[in-house]
Amino acid sequence: AQRVTQPEKLLSVFKGAPVELKCNYSYSGSPELFWYVQYSRQRLQLLLRHISRESIKGFTADLNKGETSFHLKKPFAQEEDSAMYYCALSYNTDKLIFGTGTRLQVFP
Amino acid sequence: NAGVMQNPRHLVRRRGQEARLRCSPMKGHSHVYWYRQLPEEGLKFMVYLQKENIIDESGMPKERFSAEFPKEGPSILRIQQVVRGDSAAYFCASSPRPGRGGNSPLHFGNGTRLTVT
């Protein structure tokens, strides 16, 4: 079955430190992977998707099919990055399968 | 564009009552998705609807749950005879065309938090 795993519930770093939010998936075919973010008191919104290979707000994520991972990275965390981050997978359907989310706390 | 509107934000029901959750998609969006988030879990797909049609309800519990998206008005997620296990956050998302999240990004509402006492 398709599954998305985010092993860390909480990740705390200081401002300026590098950040890596882990995401692993299980799917034998070619999935589409996404990162969604939910800032405090705001709605869930798309942060980035692997097919566009873009950097949004300094975040990047590379799909590693060998390790079935799609980790989200940022070299220098900012306080405004504090939020809930969800990794999601889509495969041949219109459904998204979400991980349980990682709360990122960036301290000043 | 006000975005996807869900109401109510919070809903409290006693066991056995009915819960009705409403979702108004973004203007111009005709595809609606409902997700449920149980405590400590990720969002789980429930149902995908287009206007007047249920396209995929593979994530809906077989009993007590139903969804509709009429020609006019919001999409409704209806839970009959609620039980404590139905307590969760219910999110609605819309897209202008079938959205796999990337080609046509899903726009999410703020969710309805249902508490069953």
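The structure we're discussing is the one just above.
What this report covers is the structure whose coordinates are included nearby. (Residues numbered from 1 in each chain as written. Chains lettered and ligands numbered in written order. Predicted model: local features only at pLDDT ≥ 70, side-chain atom pairs only at ≥ 80, totals over all residues. Heavy atoms only, no water.)

### Section: the sheet that holds strand β3 (residues 19-21) of chain A
All names here are of chain A. The three strands lie next to each other as β3-β8-β7, forming an open sheet whose pairing is antiparallel. Edge strands, defined here as strands with exactly one partner in the open sheet, are β3 and β7 (60-61). As defined by bridge partners, β7 adjoins strand β8 (residues 72-74) across two bridges and the pair is classed as antiparallel. Residue pairing across strands places A61 opposite L72, the latter belonging to β8. (Pairing = 2+ DSSP bridges. Helix = DSSP H or I, 4+ residues; strand = E, 2+ residues; numbered from the N terminus.)

### Some details on the pattern of salt bridges
If you walk through the whole model with that rule in mind, you get eight salt bridges over all chains. Between R49(A) and E54(A) there is a salt bridge whose closest N-O contact spans 3.9 Å. Residue classification places R49(A) among the partly exposed positions, given a relative accessible area of 23%. Of the charged contacts, one joins R20(B) and E18(B) as a salt bridge, the two residues approaching to 2.9 Å between their closest N and O atoms. Residue classification places E18(B) among the partly exposed positions, given a relative accessible area of 29%. (Salt bridge = Lys/Arg side-chain N within 4 Å of Asp/Glu carboxyl O. Buried < 20%, exposed > 50% of the residue type's maximum accessible area, 1.4 Å probe, protein only.)

### Some points on the nonpolar core
Residues and elements named next belong to chain A. Counting 26 residues, the largest nonpolar core has W35, L72 and Y85 as its most contacted members. Mapped onto this core, the elements with two or more residues apiece are β2 (10-14), β3, β5 (32-38), β6 (45-49), β9 (83-90) and β11 (102-107). Examining the composition of this core, we find that four residues originate from one element, β9, more than from any other. If near-sequence neighbours (up to four positions away) are discounted, Y85 is found in contact with Q6, L21, W35, Y36, V37, Y39, L47, F59, L72, G101, T102 and L104. (Core = buried A, V, L, I, M, F, W, Y, C linked by side-chain atoms within 4.5 Å. Contact = heavy atoms within 4.5 Å.)

### Quick notes on the state of the cysteines
Applying the stated rule across the entire model yields two disulfides over all chains. Across a sulfur-sulfur distance of 2.0 Å, C23(A) and C87(A) are joined as a disulfide pair. Between C23(A) and C87(A) the sulfur-sulfur dihedral comes to about -65°; the bridge is accordingly left-handed. You can see C23(A) sitting in the loop between β3 and β4 (24-26) and its partner C87(A) sitting in strand β9, a full 64 residues away along the chain. Judged by its relative accessible area of 0%, C87(A) is buried. A sulfur-sulfur separation of 1.8 Å characterises the disulfide bridge that pairs C23(B) with C92(B). Since a negative S-S torsion denotes a left-handed disulfide, the C23(B)-C92(B) link at about -55° is left-handed. Placement of C23(B) in strand β3 (residues 19-24) and of C92(B) in strand β9 (residues 88-95) is noted, with a sequence separation of 69 residues between them. There is no split in this pair, since C23(B) and C92(B) are both buried. (Disulfide = S-S within 2.5 Å.)

### Concerning the interface of chain A and chain B
Many analyses report the size of an interface as the accessible area lost when the parts associate. Contacts between the two partners involve 22 residues from chain A and, on the opposite side, 26 residues from chain B. Of the roughly 1,900 Å² buried where chain A meets chain B, counting both sides, 46% is carbon and sulfur surface. Of all residues in chain A, R43(A), D94(A) and K95(A) bury the most surface against chain B, accounting for 34% of the area lost on that side. In this structure, the connection of chain A to chain B is made through five residue pairs in polar contact (both at pLDDT 80 or more). (Buried area = accessible area lost by both parts, 1.4 Å probe. Polar contact = N/O pair within 3.5 Å; in protein donor to acceptor, adjacent residues only side chain to side chain.)

### Here's the deal with the side chain of S75(B)
Residue and element names in this part refer to chain B. Mapped onto the elements of the fold, S75 is located in strand β8 (residues 75-79). Taking the relative accessible area as the measure of exposure, S75 reaches 0% and is therefore buried. Polar contacts involving the side chain of S75 include one to the main-chain carbonyl oxygen of E68, which spans 2.9 Å. Once you skip the residues sitting within four places of it in the chain, S75 turns out to touch L21, R22, C23, V32, W34, L49, E68 and F69.

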